[in-house]
Amino acid sequence: MSADFLPYGRQSISVEDIDAVVSVLKSDFLTQGPAIPRFEKAVTNWCGVKHGIAMANGTATLHCAAKALGLGHGDWLWTAPITFVASANAGRYCGAQIDFVDVDPGTILMSPDRLEEKLILAEKNGTLPKIVVPVHFAGQSCDMPRIHALGQKYEFKIIEDAAHALGGEFEGERIGNCRWSDAASHSFHPVKIVTSGEGGMITTNDDELAWRISALRTHGITRDADRMIGESHGPWYYQQLELGYNYRMTDLQAALGASQMTRLDSFAKRRREIANLYDVELAGLPLRPLARDPRGISGWHLYMIRLDLNQIKKTRRQVFESLRSQGIGVNVHYIPVHLQPDYERLNFRLGMYPEAERYYEEAITLPMFADMTEADVQRVKAAVVKSIDL
Ligand SMILES: *Cc1c(COP(=O)(O)O)cnc(C)c1O
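The rules behind these values
- Residues numbered from 1 in each chain as written.
- Predicted model: local features only at pLDDT ≥ 70, side-chain atom pairs only at ≥ 80, totals over all residues.
- Heavy atoms only, no water.
- Pairing = 2+ DSSP bridges.
- Helix = DSSP H or I, 4+ residues; strand = E, 2+ residues; numbered from the N terminus.
- Axes fitted to C-alpha atoms, helices over the stretch in contact; angles between N-to-C directions.
- Contact = heavy atoms within 4.5 Å.
- Core = buried A, V, L, I, M, F, W, Y, C linked by side-chain atoms within 4.5 Å.
- Buried < 20%, exposed > 50% of the residue type's maximum accessible area, 1.4 Å probe, protein only.
- Patch = residues over 30% accessible without salt bridge, like charges linked within 9 Å, V, L, I, M, F, W, Y side chains within 5 Å.
- Areas by Shrake-Rupley, 256 points an atom, 1.4 Å probe, with all protein chains shown as cover.
- Salt bridge = Lys/Arg side-chain N within 4 Å of Asp/Glu carboxyl O.
- Near = heavy atom within 4 Å.
- Polar contact = N/O pair within 3.5 Å; in protein donor to acceptor, adjacent residues only side chain to side chain.
- Nonpolar A, V, L, I, M, F, W, Y, C, P; charged D, E, K, R; others polar.

S.K.: Is there a simple way to explain the sheet that holds strand E14 (residues 303-307) in this structure?
M.R.: Within a beta sheet, neighbouring strands are joined by backbone hydrogen bonds and run either parallel or antiparallel to one another. The three strands are arranged E12-E14-E15 in an open sheet whose pairing can be described as antiparallel. Edge positions in the open sheet fall to strand E12 (287-289) and strand E15 (363-366), since each of these has one partner strand only. Taking each pair of neighbouring strands and ignoring which way they run, the sheet shows an average axis angle of 30°. Each of E12, E14 and E15 is contacted by helix H9 (residues 264-282), which is oriented at about 20° to E14, the strand it contacts most.

S.K.: Where do I start with the nonpolar core in this structure?
M.R.: A general trend in soluble globular proteins is that nonpolar side chains are found buried together. Counting residues in hydrophobic clusters, the biggest one holds 66 residues, and the most contacted among them are Leu-115, Phe-137, Phe-156 and Ile-213. For Phe-156, the contacting residues outside a window of four places in its chain are Leu-115, Leu-119, Pro-129, Lys-130, Ile-131, Val-132, Ile-147, Leu-150 and Gly-151. Listed in part, the 27 residues of the second largest apolar core include Leu-282, Val-330, Leu-366 and Val-384.

S.K.: Hey, could you run me through a nonpolar patch on the surface in this one?
M.R.: A cluster of nonpolar side chains, Ile-13, Ile-18 and Val-22, forms an exposed patch at the surface whose accessible area comes to about 230 Å². Within the fold, Ile-13 resides in the segment before helix H1 (15-25). For Ile-13, a relative accessible area of 41% gives the class partly exposed.

S.K.: Would you mind going over unusual backbone geometry with me for this structure?
M.R.: Trans peptide bonds make up the majority, and among non-glycine residues the majority have a negative phi. That bond from His-333 to Tyr-334 is cis: its omega, 0°, falls within 30 degrees of zero. In this fold, Tyr-334 is placed in the loop between helix H10 (316-325) and helix H11 (341-344). Although it is not a glycine, Ile-108 sits at a positive phi angle of roughly 65°. Residue position: Ile-108 is located in the loop between strand E3 (97-100) and helix H5 (112-125). Its identity as a non-glycine residue notwithstanding, Glu-155 has a phi of 60°, on the positive side.

S.K.: When you look at the sheet that holds strand E9 (residues 200-204) in this model, what are you seeing that I'm missing?
M.R.: As summarised here, the arrangement of the seven strands in space is E1-E9-E8-E5-E4-E2-E3, forming an open sheet in which the pairing is mixed. The open sheet is flanked by strand E1 (51-55) and E3, the only strands paired with a single partner. Sheet twist, expressed as the average angle between the axes of neighbouring strands with direction ignored, equals 20°. Here strand E8 (residues 183-187) pairs with E9 via four bridges, running antiparallel. Counterpart to Ser-185 in the pairing with E9 is Ile-202.

S.K.: What is the right way to look at the site of the ligand in this model?
M.R.: The immediate surroundings of the ligand are formed by 14 residues, with Thr-59, Asp-161, His-164, Ser-187 and Lys-192 found nearest. The side chain of His-164 places a nitrogen or oxygen atom 2.7 Å from an oxygen atom of the ligand. Starting from 380 Å² of accessible surface for the ligand in isolation, the protein chains cover 93%. Counting only elements with at least two residues in the shell around the ligand, the list comes to helix H3 (58-68) and helix H4 (86-93). Of the residues contributing to the shell around the ligand, the split by class is four nonpolar, eight polar and two charged.

If you want it as structure tokens, here you go:
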């Protein structure tokens, strides 16, 4: 990366983070040691939730949560079309069919109105979903009380995709506390709010679900005699009770994650400051940020702008390329999942989710990370002004 290139996201690594990882290297356990429960506790304490199960990545947590909630062949998992492919792929790993609920045109979060309409229709057709995965896009929580109420009525389970949202809140409840869901999935990829290199964690208040997910993390194996079929053969004995995976996190990763968690509050605060600064600096330009739901506080994984392409006599691509040529590491989150060739093969096509598609035509993600300075924001602003110059 050249020195004057400003990426859209970047980890913040302290001397303490480095020391934490080095101390694992000098210890007895590189994996399945004490750093894993330490990291799990740091996250569950912060969120105010009973269980946290660390895994190799966020995708693995979505997969195991879906499987542990009973998702299989013949079932449906619904998510939003504006998300990373992982939210939908997790259902496909379980053999389930995927469908999407269009997004709210302002917040770009799963629209509870579209969800309700789709549920009414699905009830008639006998295609109600087993699991709904609301995505807290860009860090802002979906309307979880309403989605939860629909879940009670139509009997679906809820896995929050909170990969963008650690550090945020909704109606005073911390995202990840599972007040309105069965489980919440977190990611610690380096562009996310807290990193462990690669990594993920599922949080839940459900004891049985937590047990089953932690077994799936290691091949569906248990060493707990109470869970075994028949008698234990002795202290060496374990049983595989169902087909699971090797989705374990290493202690190197967990030590980094646990160390980072001590700075989550300051990361979240800094991201909010940057977002507010962008709002002020970009006001008056022919573009707008995502709508904010006043009931919540975003975790601010990402900051997007939507271009007013009627006023700007340029295409989104021209604006994007101009920003890149000025050293601004802009991105686009996301290409609607249903338009991926592998999803079009499943009969999804253009026109199915109009709000998601409209958003995709106009959106650009600006740099957003905790170590950004006000001068960086000014630099982005100047580059945006130049890029949309008529
Ligand atoms: C990052 C991310 C995930 C999980 O990604 P991993 O790279 O597997 O940790 C899931 N959903 C969304 C929306 C994400 O952005």
